[in-house]
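Commentary on secondary and tertiary structure
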Amino acid sequence: MTVIVAGGGIAGMTMALTCHELGLPVIVHESVSQLQPSGVGINLQPNAVRELYDLGLETQLDQIGVPAKEWALVGRNGNDVWAEPRGLDAGYLWPQYSVHRGRLQMLLYEEVLRRLGLNAVTTGSRLLRYESHDDSIRVSFQSGSGKVTSIEGSVLVGADGLHSAARHQMRPNEGPPVWGGPVMWRGTSEAVPIRTGASFVLVGKLDQRFVCYPISRPDPSTGLATINWIAELTYDTSQDWGDSDWNREVPVTKFLDQFQDWAFDWLDIPALIRGASTVYEYPMVDRDPIENWVDGRCVLIGDAAHVMYPVGSNGASQAIVDARVLGAAMQHLGVSVAALKSFEDAMLQDVNELVLRNRGAGPIGILGLVEERCGGVFDDIEDVIPRAEIEDYMARYKAAAGFAIETLNNSPRTILL
Ligand SMILES: Cc1cc2nc3c(=O)[nH]c(=O)nc-3n(C[C@H](O)[C@H](O)[C@H](O)COP(=O)(O)OP(=O)(O)OC[C@H]3O[C@@H](n4cnc5c(N)ncnc54)[C@H](O)[C@@H]3O)c2cc1C
């Protein structure tokens, strides 16, 4: 019997490809009537890239992504706090990719249609509810015209993101996602890539920061690449920023003046902000960790299970890894409640800790220490924080997020056929 997937985002599409690889019948129901390449840049950590390679997507991923070479934290005065190699340059066996989220989703979607057939994905079909029985699960979806259809399968994988209906049924009293104060503005602009040419750079301090990295290779004739950027400010939580919607467009004037004097000789932040044709506003939210992701024959994966602050570049990576670990459980235990539980046992505790770690600023928490110790102004960071202390901090984050270099390089494939 069929694996029913609700949500055709990164998690849902990876789940479908994984089921197909395992020879398991699968169908995806996605609420939007037509999938579009929505969003801006994201990073895929080597642990997730490895899984996509194992799915045979190496060439396609390399066509749409930029292998990241460096991850750098820069103080408000433009001096380096920390810089480390990333991906292959750091010694991983797989690259880290900076990629446009929508292009990645479309790549996965097209691959699902190519491998599984056009009927594998039903768009315009929104999960309403499920009814779990001993041997099967009945799932209701609603079309754009309001028509409700019920289908039966072996399990339901709730991959329906931040405002998950599957999660809402499991936890009806949970309420909306939690906003802790940060607001992000996201956009892309054409510019010459800085530093290594493929650097992820974060400038500023914890409550006001700017991130940029290229998500395309430079045009050979102009040298310009598409640069993804995020400007972020933290506000008092008594202010109302409305619901978190990834697609809310706003004018740059809403925040540009706060970054007006953030121009260095190597990076002109106001110019980058002004260069974007569209800017999206997103009050950064997460949800409190929960103690189970399984209810009968329904399991949550990706943001539905554990939406987290996008400070460690691991929301999409974790969604991919979830789908693969769940697939591996189904390979060994069948499409069964035991497999859902085994996935939950393998992942829940570590990922819940990661959610809390990201709420506490994740890998960029080091900027908090810089503020504390010198008010953010320094000439040489060694005078403020010894290198060994930062190294230790970063190593602990990578271990928690599942991409410690040696551990990942030496771990067996998640799915071995
Ligand atoms: C439009 C959009 C733009 C985004 N842009 C960015 C970005 O720029 N930067 C960033 O860091 N993250 C972005 N994200 C979030 C990021 O994709 C996720 O954090 C991460 O990839 C985890 O993936 P996911 O598949 O769990 O969730 P998502 O990628 O959010 O996918 C969930 C999918 O489920 C569908 N869905 C929702 N409700 C239902 C329902 N009831 N029934 C059926 N389907 C449903 C949604 O339409 C979506 O396609 C965006 C998400 C979306 C939906």
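Keep in mind that this is a model prediction, so the values were computed, not measured.

Thresholds applied
- Residues numbered from 1 in each chain as written.
- Predicted model: local features only at pLDDT ≥ 70, side-chain atom pairs only at ≥ 80, totals over all residues.
- Helix = DSSP H or I, 4+ residues; strand = E, 2+ residues; numbered from the N terminus.
- Rg over C-alpha atoms; globule rule 2.2 N^0.38 Å.
- Buried ≥ 20, exposed ≤ 12 C-beta atoms within 10 Å, placed from the backbone.
- Contact = placed C-beta atoms within 7 Å.
- Near = placed C-beta within 6 Å.
- Nonpolar A, V, L, I, M, F, W, Y, C, P; charged D, E, K, R; others polar.
- Expected span 1.5 Å × (residues − 1).
- Axes fitted to C-alpha atoms, helices over the stretch in contact; angles between N-to-C directions.
- Parallel < 35°, antiparallel > 145°, perpendicular 65-115°, else oblique.
- Left-handed = near helix turned anticlockwise from the far one by under 90°.
- Pairing = 2+ DSSP bridges.
- Right-handed = clockwise from strand over helix to strand, strands pointing away.
- Core = buried A, V, L, I, M, F, W, Y, C linked by C-beta atoms within 7 Å.

Moving on, we come to the overall build of the chain. Counting its regular elements, the chain contains 12 helices and 20 strands. At 21 Å, the chain has a C-alpha radius of gyration in line with the 22 Å of a compact globule built from 417 residues. Oriented by its inertia axes, the alpha-carbon framework of the chain measures out at about 65 × 45 × 45 Å. Taken across its 417 residues, the chain has 47% of its residues classed as buried. Taking all contacts inside the chain whose residues are at least 6 apart in sequence as the whole, residues at least 24 apart take part in 73%.

Looking now at the site of the ligand. In the vicinity of the ligand there are 33 residues, among which Gly 7, Gly 9, Gly 39, Gly 161 and Gly 302 approach most closely. Elements that contribute at least two residues to the shell around the ligand include exactly helix H1 (10-22), strand S9 (125-132) and helix H8 (315-333). Each residue belonging to the shell around the ligand can be placed in one class, and the counts come to 14 nonpolar, 13 polar and six charged.

Its location among the elements puts Asp 80 in strand S6 (residues 80-85). Through-space distance from the C-alpha of Asp 80 to that of Phe 378 is 9.5 Å; in sequence the pair is 298 residues apart. Every residue in contact with Asp 80, bar those within four places of it in the chain, is listed here: Ala 72, Val 74 and Ile 381.

For H8, which comprises 19 residues, the first-to-last C-alpha distance of 27 Å matches the rise-based estimate of 27 Å (1.5 Å per residue) to within 8%. Most of H8 sits inside the fold, with 17 of its 19 residues counted as buried. Following H8 by one or two positions, Gly 334 has its phi on the positive side, about 80 degrees.

Each pair of packed helices can be summarised by the angle the axes make with each other and by the distance between the axes. Interhelical geometry of helix H2 (residues 46-54) versus H8 gives an angle of 45 degrees and a closest axis separation of 8 Å. In terms of orientation, H2 and H8 fall into the oblique class. Classified by chirality, the crossing of H8 by H2 is left-handed. Between H2, through Asn 47, Ala 48, Glu 51 and Leu 52, and H8, the contact on the second element is made entirely by Ala 316, Ser 317, Ile 320, Val 321 and Arg 324. A per-class count over the contact of H2 with H8 returns five nonpolar, two polar and two charged.

Here we take up the sheet that holds strand S15 (residues 208-214). As summarised here, the arrangement of the eight strands in space is S6-S5-S14-S15-S16-S13-S18-S17, forming an open sheet in which the pairing is mixed. If you trace the sheet from one side to the other, it starts and ends with S6 and strand S17 (249-250), each paired once. Where strand S5 (residues 70-74) and S6 come together, five bridges link them in antiparallel fashion. Each bridged residue has a counterpart across the sheet, and for Glu 70 the counterpart in S6 is Pro 85.

For the rest of this paragraph, the subject is the sheet that holds strand S4 (residues 65-67). Within the open sheet, the three strands sit side by side as S3-S7-S4. Their pairing is antiparallel. At either end of the open sheet lies a strand with only one pairing partner, and these are strand S3 (41-44) and S4. Strand after strand, the sheet turns through a mean of 25 degrees between neighbouring axes, direction not considered. Note that S3 and strand S7 (residues 97-100) share four bridges and pair antiparallel. Of the residues in S7, the one forming a bridge with Ile 42 is Val 99.

Right, let's talk about the pairing of strand S2 (residues 26-29) for a bit. Here strand S1 (residues 3-6) runs beside S2; their pairing, made up of four bridges, is parallel. From the neighbouring strand, Val 5 faces S2, where its bridge partner is Val 28. Chirality of the crossover, the property in question, places the unit of S1, H1 and S2 among those that are right-handed. In this structure, S2 lies alongside strand S8 (residues 121-122), joined through two bridges in parallel fashion. Across the sheet, the residue bridging to Val 28 is Val 121, located in S8.

Looking now at the environment of Lys 147. Considering the arrangement of structural elements, one finds Lys 147 in the loop between strand S10 (137-143) and strand S11 (148-153). Lys 147 sits in the exposed class, given 9 other C-beta atoms within 10 Å. Counting along the chain gives 22 residues from Lys 147 to Ser 125, while the straight-line C-alpha distance between them is 9.3 Å.

What follows deals with the environment of Trp 94. Tracing the chain through its elements places Trp 94 in the loop between S6 and S7. As for Trp 94 and Gln 45, which are separated by 49 residues in sequence, their C-alpha atoms are 8.7 Å apart. Discounting residues that sit within four places of it in the chain, Trp 94 has contacts with Pro 46, Val 49, Arg 50 and Tyr 53.

Between the first and last C-alpha of H1 there are 18 Å, a value that for 13 residues agrees with the 18 Å anticipated at 1.5 Å per step. Counting buried residues along H1, 10 of its 13 residues qualify, which places the element largely inside the surrounding structure. Considered for burial, the residues of H1 that qualify are Ile 10, Ala 11, Gly 12, Met 13, Thr 14, Met 15, Ala 16, Leu 17, Thr 18 and Cys 19. Remark: Gly 23 follows H1 within two positions and exhibits a positive phi of approximately 75 degrees.

Now for the nonpolar core. If you look at the biggest cluster of nonpolar residues, it comprises 118 residues, and the most contacted ones within it are Val 5, Met 15, Ala 16, Leu 156, Ala 166, Val 299 and Ile 301. Leaving out residues up to four positions away in the same chain, Ala 166 has contacts with Ala 6, Leu 127, Tyr 130, Leu 156, Gly 158, Asp 160, Cys 298, Leu 300 and Ala 304.

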